[in-house]
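Structural overview
Spelled out, the chains give:
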Amino acid sequence: MITKQYEIKGMTCAACSSAVERVTAKMEGVTKSSVNLTTNLLTITLDENKVKDEDVVAKVDRAGFVATPYIRKSKEERDKAEENLALEVKKTQRKVFVNIILAIPLLYVSMGHMVPFPLPLPQIIDMHHNPLNFALTQLILTLVILINGSKFYSVGIKSLFKGHPNMDSLVAVGTGSAFLYSLVMTIGIPLDSSKVHHLYYESAAVVVTLVMVGKFLEQRSKSKTGDAIKKLIQLTPDTATVVKDGVYTEISIAQIQVGDTVLVKPGERIPVDGIIVEGTTTVDEAMLTGESIPVEKEQEDQVIGGSVNHKGSILVKVNRVGEETTLSQIVRMMEDAQGKKAPISKLADKVAGYFVPGVMIIAVIAAGTWALLGHDLAFCLTIFVSVLVIACPCALGLATPTAIMVGTGVGANHGILIKSGEALETAHHVQSIILDKTGTITKGQPEVIGVLSKDIEERQLLGILASLEQNSEHPLGEAIVKKAKENNVELGKVQDFQSLTGMGIKGKLEGVPYYVGNKKLMDELGVEINEYAQDGDRAAELGQTPMYAATKDKVIGLVSIADPVKPDSKKAIRKMKNLGIKVYMVTGDNKKTANAIAKQVDVDEVIAEVLPDEKVNVVEMLQKKEGLVMMVGDGINDAPALSGADVGVAIGSGSDIAIDSADMVVVKSSLNDVYKGILLSKATIRNIKQNLFWAFFYNTLGIPLAAGALYAINGTLLSPMFAGLAMSLSSVTVVGNALMLRHRALKGEENDERKTA
Amino acid sequence: MTVIKVEDMHCMKCVSRIEKLFQEENLKFSVDLESKTVSVDGDDQEVKKALEALDDLGFEGKL
């Protein structure tokens, strides 16, 4: 019996997941089967002799879904993989270190006599007195260096023979020919000591060493991103205090189950996702949202594993554990994003595929031309080796991954989680953005905008309204009660409360009957709203909902309620428009409210009265009309539109399904972060292009020099060693440039924030 | 025509899954999400086939 997991695609509702559960549970050899709709994972316990992967896949396929075996690395495996990577980096580091140590005496021996003031060399290895020893010393040093870098030869030559040469092939052929040529010369020294002037050992050795330094830097930056994920995982403590029947026990995190109650003391990290059942506190969710101001939390509020509990002790009822916690999902998203290859890097590989053989041909032609012009073999070989070495587009391989790695990292630091390299790439040239109204442009929660009374004090009116509304479950009522509580208005006890469907409510307060509701209710009561009519109409025009309060025979006040626009929405939309992007607003609300909000935030166009399942049609329509479309939303009803759009962005505390359907998640629920995401994408793409430029710049510049163009003019020749240096320079430039993205990507944006703060 | 009650049919996805498999099985049928029923046009043999197909889809069909 073993437990396996499959990723299921195509599930939309609870009926879907139970269907998958049912069909798989009925299979012979399966003892247990459960499906998690949020993570889309089927966990199944089966007899591996009786049930094969194909059987499960076929069974699920017949039920109308797609199943793929899901192998998730366990924490131990992940740790091990990381350890191996770290070991690998260390190994490379040691090799690089040894090579540098060896390269220094090698350079001293071989080049010392060439500098203006010849450096002293013991007679026993002096090229004039003991040319053979001179050559052998270099041979031995070089041999060790080349053995240290033997990977280039095994990998490079293999791929060369397979017909798709890569950068390693260039290094292998270049340095290999230099070494073999020198070896032949060394053997000839006892017969002809002038051959000692034709040694290129140091070239081969230095090139290999420098390329190794480049590879080492690359490896190290890769293991650094692994560190980011590791840090995220480490955010959760290893143990937690579980409360059961008044007994406190500290247990390992892995043993915690959904439904357990966990005690979190001030200063501790919250171990798992859960809901506060006792106590109030403030929680620092910076790791999740990037928001450094702690968030107040009280009973019924959701807390997230990994965030820091600040002020008070709280009891948390666990509702997500293990791979399902918010943190685990973020980790999974980051792993997925790093695993996916952006199309632009495919382009880089393709270019390299043409570039490498092209360069080899140039090298052969250049060397051949000089040979035909009557130069000796040594000269032609130098040309050949130089061309191969300088053209090596090592940096080409670094150009895209480094930029994307840095880009996603910068995003994560700002609470912008980018799920795929593709999304990061597409976002930079979207032509239009569709913003969902409720919860995206607006706060998504109705609030009291204004309280007005010409008869009684406004506070008193609020008290009457809230006292009545505290019995109602209507969101508009909740807004009024919240407002009253904020203003410390005392609420009275209501008798004979009654909800008047579609109109409002009524109830008695200290024996006096009051009515709260819409215009229709007032008409029904037969009371005149004349004094308040103008204000009520104006509120309605602004997209607010006016509610009147009345006694039996007189209107006593007006309260207007609306879902307010988030403070930074307008500015963010203006910034998006400044990028030349057309901004649409889509909503299910009526045209009047929609237009009022649209006017406030100044979007280009409004599409109102859209049914939830029609949003995806709007996306398709705009794709035809405008090209690439970004959709921003938060609700389950936005999910299809999010996946349908070229870039789907889930905002803030969006539903899990919205988050799953999106390509990008903006944790902080702010439209400005969506704008920042676009900026980040633009900066990353620009960075990739710069990197590609630098990767080719030195190489292309170097090729004619290496081919002997300067020699034809004034007799100087680019030594293979300088060619190697130039090549490493391009790698360093590329990595350096990618790292600059970290500081540059959202720089202006941060200054901007400070200004407005 | 036989009407089969399918209690667990909740959404359009469920409907499309049923439609797809029933078409593969060459059944004459119609699905109604509102009443949560599938109507099958055919003899006992075909109704049996429909019930089996529903079973494979993870639904419990009741006559």
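Starting from 1, residues in each chain are numbered consecutively following that chain's sequence as written. In the order they appear in the text, chains get letters beginning with A and ligands get numbers beginning with 1. For this predicted model, a pLDDT threshold of at least 70 governs which residues receive local features, and a threshold of 80 or more governs which side-chain atom pairs are given and counted, while totals over whole chains, interfaces and linings are taken from all residues.

Examining the overall build of chain A
Under the scheme used here, helices are H or I runs from DSSP no shorter than 4 residues and strands are E runs no shorter than 2 residues, and both carry numbers assigned from the N terminus. Across its full length, chain A carries 27 helices and 26 strands. Any residue surrounded by 20 or more other C-beta atoms within 10 Å of its C-beta is treated as buried, while 12 or fewer makes it exposed and the intermediate range makes it partly exposed; C-beta atoms here are placed from the backbone. Expressed as a percentage of its 757 residues, the buried residues of chain A come to 44%. Placing C-beta atoms from the backbone, we regard two residues as in contact once those atoms come within 7 Å. Of the contacts formed within chain A by residues at least 6 apart in sequence, a portion of 67% connects residues at least 24 apart.

Quick notes on the pairing of strand β3 (residues 37-41) of chain B
For a regular strand, side chains alternate in direction, first toward one face of the sheet and then toward the other. Residues and elements named next belong to chain B. Burial along β3 is one-sided: Val38 and Val40 are buried, and none of Thr37, Ser39 and Asp41, which face the opposite way, are. Here, any two strands with at least 2 DSSP bridges between them count as paired. Where strand β1 (residues 2-6) lies against β3, 4 bridges are found, and the strand directions are antiparallel. Among the inter-strand pairings, Lys5 is bridged to a residue of β3, identified as Thr37. Between strand β2 (residues 28-32) and β3, which follow one another and run antiparallel, lie 4 residues, and Lys36 among them has a positive phi close to 55°.

Digging into the pairing of strand β1 (residues 2-9) of chain A
Residue and element names in this part refer to chain A. Here 6 bridges tie β1 to strand β3 (residues 41-46), and the two strands are oriented antiparallel to one another. Each residue of the ladder has a partner; that of Lys4, found in β3, is Ile44. Where β1 lies against strand β4 (residues 66-69), 4 bridges are found, and the strand directions are antiparallel. Within β4, the position partnered with Ile8 by the bridge is Ala67.

Some words on the packing of helix α1 (residues 14-25) of chain A against helix α2 (residues 53-62) of chain A
Residue and element names in this part refer to chain A. Fitted lines through C-alpha atoms give the axes, limited to the stretch in contact for helices. The angle between two N-to-C directions lies from 0 to 180 degrees. It is at 10 Å that the axes of α1 and α2 come closest, and there the two elements cross at 135°. By the angle class used here, α1 and α2 are oblique. The hand of the α1/α2 crossing is right-handed. Facing Val20, Val23 and Thr24 of α1, the residues of α2 in contact are Val56, Lys59 and Val60. Taken together, the residues of the contact of α1 with α2 break down into 4 nonpolar, 1 polar and 1 charged. An angle below 35 degrees is read as roughly parallel, one above 145 as roughly antiparallel, one from 65 to 115 as roughly perpendicular, and any other as oblique. By definition, turning the near helix anticlockwise from the far helix through less than a right angle yields a left-handed crossing, and turning it clockwise yields a right-handed one. When residues are grouped by polarity, Ala, Val, Leu, Ile, Met, Phe, Trp, Tyr, Cys and Pro land in nonpolar, Asp, Glu, Lys and Arg in charged, and all others, Gly among them, in polar.

Side note on the interface of chain B and chain A
Between chain B and chain A, the residue contacts involve 13 residues of the former and 13 residues of the latter. Considering each element in turn, the side of chain B that touches chain A owes the most residues, 5 residues, to helix α1 (residues 12-24) of chain B. When the residues that make up the side of chain B that touches chain A are grouped by side-chain class, the tally is 6 nonpolar, 2 polar and 5 charged.

Quick look at the nonpolar core
Residue and element names in this part refer to chain A. Think of a nonpolar core as buried Ala, Val, Leu, Ile, Met, Phe, Trp, Tyr and Cys residues chained together by C-beta atoms that fall within 7 Å. If you look at the biggest cluster of nonpolar residues, it comprises 70 residues, and the most contacted ones within it are Ile433, Ile434, Tyr584, Met630, Met631, Val649 and Met664. Counting contributing residues, this core receives three or more from each of domain 4 (341-414 + 675-757) and domain 5 (416-442 + 566-667). With residues up to four places along the chain from it excluded, the contact list for Met664 reads Ile416, Leu417, Ile418, Lys419, Ala423, Ala427, Val647, Val649 and Gly677. Counting residues in hydrophobic clusters, the runner-up holds 46 residues, among them Ile189, Val211, Val385 and Ile703. Domain segmentation is taken from an automatic or database assignment of domains.

Points about the sheet that holds strand β10 (residues 295-297) of chain A
Backbone-to-backbone hydrogen bonds pair the strands of a sheet. The strands run either parallel or antiparallel. Sheet architecture is open: 3 strands sit in the order β10-β9-β12 (chain A), paired in antiparallel fashion. Looking along the sheet, the strands with just one partner apiece sit at the ends: β10 and β12 (308-309) of chain A.

A look at the confidence of the model for chain B
One confidence number per residue, pLDDT, is output by the predictor and ranges from 0 to 100. Confidence in the prediction of chain B, expressed as mean pLDDT, is 87, and 100% of residues score 70 or more. Reported for the predicted complex are a pTM of 0.56 and an ipTM of 0.89.

A short note on unusual backbone geometry
Excluding glycine, residues mostly carry a negative phi; peptide bonds, for their part, are mostly trans. Residues and elements named next belong to chain A. Even without being glycine, Asp245 reaches a positive phi, approximately 50°. Looking at the secondary structure, you find Asp245 in the loop between β5 (239-244) and β6 (247-252). In this structure Asp245 comes out as exposed when scored by C-beta crowding, with 4 C-beta atoms within 10 Å. Positive phi is not limited to glycine here, since Glu510 has a value of about 50°. Along the polypeptide, Glu510 turns up in the loop between β18 (504-509) and β19 (512-517). Exposure remark for Glu510: the 9 C-beta atoms within 10 Å place this residue in the exposed category.

Topic: helix α5 (residues 150-161) of chain A
One turn of an α-helix holds 3.6 residues; hence residues three or four places apart share an orientation. Every helix has an expected span of 1.5 Å times one less than the residues it contains. For α5 of chain A, spanning 12 residues, the distance from its first C-alpha to its last is 17 Å, which sits close to the expected 16 Å at 1.5 Å a residue. A positive backbone phi angle near 95° is found at Gly163 of chain A, which sits one or two residues after α5 of chain A.

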